[in-house]
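# A closer look at the structure
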Amino acid sequence: MKKQLVYLVFILNLMIGCKKEEQVISISTPSSQRGQFSVSVKNLSNNLPFQLGQMVYTNNAGNQYRLDVLKYYLSNFEIFEDDGTTHKFGNYELVDETNNESKSFVLDSVPSGTYNKIKFFVGVDSITNQTLNNPSDLDLSKGMFWTWSTGYIFLKAEGAFIDSLGAEKPLVYHLGSNAAFSAIEIEFPAITIDKNIQKMNILLDVNTMFGLNKPINFNEYNVQQSFPNEGTWIEAMSENLPPAFSLTFED
Amino acid sequence: MKGGAFFLITLLILNGCKKEEVPDTSATATPYNFITPSNLPAVVIPQNNPMTLEGIELGRKLFYDPILSGNNTLSCGSCHNQENGFTDNNRQFSFGINGEVGVRNAMPLFNLVYDSHFFWDGGASDLESQVAGPITNPIEMNQDIGELLKELNAHPIYPTLFKKAFGSLPITSNMILKAIAQFERTIISSNSKFDQFMRNEVAFTEAETRGMNLYNDMQKGDCNHCHSLGGTFTDYDFKNTGLDSIYTDQGRYNITGLQSDIGKFKTPSLRNIAVTAPYMHDGRFTTLMQCVEHYNTNFHYTQNLDPVLAISVKGRLNENEVADIVAFLNTLTDVEFLNNPQFKKP
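Residues numbered from 1 in each chain as written. Chains lettered and ligands numbered in written order. Predicted model: local features only at pLDDT ≥ 70, side-chain atom pairs only at ≥ 80, totals over all residues.

## A short note on the domain arrangement of chain B
Bring the parts together and some accessible area is lost; that lost area is often taken as the interface size. Residue and element names in this part refer to chain B. What the domain assignment reports for chain B is domain 1 (21-188) and domain 2 (193-337). Facing the 22 residues of domain 1 at the interface are 26 residues of domain 2. Residues that form the side of domain 1 that touches domain 2 fall into these classes: 8 nonpolar, 11 polar and 3 charged. (Domains from an automatic or database assignment. Contact = placed C-beta atoms within 7 Å. Nonpolar A, V, L, I, M, F, W, Y, C, P; charged D, E, K, R; others polar.)

Written out as C-alpha cells, the structure is:
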C-alpha cells in the first residue's frame, strides 16, 4: 500500500511536470481540445497546377516564360471570427513547389467559433527578418537568405523567358526586404469550427503574381535581387501578390 | 504485478514527457558569467543567444575547424589570425577556398559584443547573421549549409557537443551561428599600454603623450571625433573619409540605398591598430603613417565627405606631429589579448 502510494505520488509529480511543459508548448503545439485548419497550398495557372520546367506560360505582359524554382514564405497567419475576435499563429511556412510536404501544414489550436476571414503575409516580418538566427523553415539550409545584407528571401522565382528579340534569357526573381512584406487578406463565407479539422486550400495564380492590370515586363525586370535601388520592382511585386491569392474549402 | 503496471504507466508518462520536451539549454549548459572590464562599457548579451561555457567552447572549436568550408580547407581562423588582432596576416585581400580574392580587407575581431552592425558596410544586423556570410560566400568559404549540417550531424564528436550546448539534436544552422557568435563575444581587448597608462601602471614616452594630445586636439589630429579616446575607440558609425573622389565600392549605400550613404564605411576601433595592417576597407594603406597623412592632407572633397573632415585644414599636422600620433597609436596594442590562450585554437 505504501509502495503504491509512493508510486502514485511519483506519477502525480510527473503528470504535473508534464502539464507545466504542455502549457508552455501549447502556444505553438496546441491541445486536441480545439479544431484546426489543415492547409494545402497550390500553385496554379488558369486553374491548372503550375508545372515547373515548362516554357508554356505567358504572363500578362505577353512574355513567354518558364519557372524551375518557385519557393516562398507564408507567415503571420491570423483568422477572424464573425464577432471580430482574432487568433494568431506562429507558423513560418516555406512553400516549395518541388516539395509536396512543404505545401501542407496545419494552423492548429483553432478555438470553436464561426470564422469568415484569414490574413497572412508573403515573407518574414521585420523583427524575425533582422537576424538569420531562427529555427525550422527559417533554417539557412533552406537557401532562402541573403548574407551581404541580413534578411530572408521571401520569394524565389527562377527560370527563363523569351526576350523581345526571341532569345531565351534567365529570369531570377529574389524578392525580399521589409518593403516587400505583403499582407494577403481573404474573406470567405462563414465556416464553423468545433474541434474539427477543416481543410483549406490556399491558391496562388502564378501569372497574376507577375501582374494583372499593371503586369511586370520581363524584358524590363529579369534579374532582381531586391537591392535597395530596386524599389519600383519590389513595390510592383508587393501590389501583385494579394490579388494572386485565393481560397477554397473542402469538406 | 500491480507494481509492474505502475512501472509501465510511469514509463509511459516519462516517454510522453520526453516527446514533448522543449530544448532547454539552461538545463544542460553552464551559464557564462561575462565580466566586463572596468574600462569598457557595460555589455548587453542578446536574449536569443545566452552565453554558456559549452556554447563558447563549441564556437571556438568551430571557429578553427575547416569543416565549415566547402572543401574543408579554410576555417574562420585562416583569415582571422589572433596575432594580427584576428585580421588576415597583413594581406590586403583574403583568398577563398578556390583561390578567389575578395574586395575588402578582413576585419579585426575583438570587442564585437559592443557592435550592432557587421561587415565594412554594416550589412549584417547581428553577430549571428554575420557568421553565415563568410561561410556561404562563394569567394570565401563557399559552403552549402545543407551539406555542412549533414557533415556535422554525421561527425563522431560534434553532435555530442551541440547537444551539450543547445540541449537538442539534430544540429541546425542557427546553432552553428549561435555557438560561433558566443565565442566571438568572449574576445575582448582592453589591456593595451594605453589602458595601463590610464591606470597609472606605466608611463608614456614624450612622443606618446604628445601624440595623445594631438589625437584629441580638434585643430590638429581630431581623431577623437570618430575614434573616441578610451573604451572601444570607435563611434560605431559609418563615415565617408574622402578616400576617393568617386567610389567604386559604394559601401553603406549598397545596404541602405540612401544617396547620403555613398562611400561610407564602418568606423573601425583603433585598438591593436599597429598589428592589423593594411588599413581602410580595401586595405589600400600599408602603414599608419599613410593613414594619418590621409586625414592630414590627402583626403578628397567628395560627396558625403564627413563634415568634420570637410572643415579640417589640409596640412595642419607637420611631419613630427604625424610621427607623434603614430607613436600614440602604437600604445593601443594589447599584447595580452594577442596571446590570450582562451582565444587560440583548442
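After presenting the structure, the write-up continues.
## Some words on helix α12 (residues 288-298) of chain B
The periodicity of an α-helix, 3.6 residues per turn, causes residues three or four positions apart to be oriented the same way. Residues and elements named next belong to chain B. Within α12, burial applies to L288, C291, V292, Y295 and N296. What you see down the axis of α12 is that its buried residues fit within an arc of 130°, all on one side. Those residues of α12 hidden inside the fold are in contact with α13 (307-310) and α14 (319-329). (Buried ≥ 20, exposed ≤ 12 C-beta atoms within 10 Å, placed from the backbone. Helix = DSSP H or I, 4+ residues; strand = E, 2+ residues; numbered from the N terminus. Arc of directions from axis to C-beta.)

## Focus on the environment of B:A277
Residue and element names in this part refer to chain B. The topology assignment puts A277 in the loop between β2 (265-266) and α12. Separated by 245 residues in sequence, A277 and Y32 have C-alpha atoms that sit 33 Å apart. In this structure, A277 is in contact with N90, T286 and T287, ignoring residues within four places of it in sequence.

## A look at the nonpolar core
Within the largest apolar cluster, 98 residues are counted, with the highest numbers of intra-cluster contacts made by A:Y73, A:V122, A:Y152, A:F154, A:L155, B:A179 and B:I180. Sorting elements by how many residues they give to this core places strand β4 (residues 64-81) of chain A first, with 8 residues. Non-local contacts of A:V122, meaning those with residues more than four positions away in its chain, are made with A:Y72, A:Y73, A:L74, A:F154, A:L155, A:S182, A:I184 and A:L241. (Core = buried A, V, L, I, M, F, W, Y, C linked by C-beta atoms within 7 Å.)

## Section: the confidence of the model for chain A
With 87% of its residues at a pLDDT of 70 or more, chain A shows a mean pLDDT of 89. Note on residues 1-30 of chain A: pLDDT under 50 across the span, and 33 contacts to partners over four residues away in sequence or across chains. (pLDDT = per-residue confidence, 0-100.)

## A look at the environment of A:D83
Residue and element names in this part refer to chain A. Tracing the sequence through the fold places D83 in the loop between β4 and β5 (86-88). On the neighbour-count criterion, D83 (7 C-beta atoms within 10 Å) is exposed. Spatially, the C-alpha atom of D83 lies 42 Å from that of E158, the residues being 75 residues apart in sequence.

## Examining the packing of helix α3 (residues 53-63) of chain B against helix α7 (residues 158-166) of chain B
When two helices pack together, their arrangement is given by the angle between the helix axes and the distance between those axes. Residues and elements named next belong to chain B. Following both chains from N to C, one finds α3 and α7 inclined at 145°, their axes separated by 7 Å at the closest point. Considering how the two elements wind past one another, α3 and α7 form a crossing that is left-handed. Seen from α3, the contacting residues are E54, G55 and L58; seen from α7, they are L161, F162, K164 and A165. (Axes fitted to C-alpha atoms, helices over the stretch in contact; angles between N-to-C directions. Left-handed = near helix turned anticlockwise from the far one by under 90°.)

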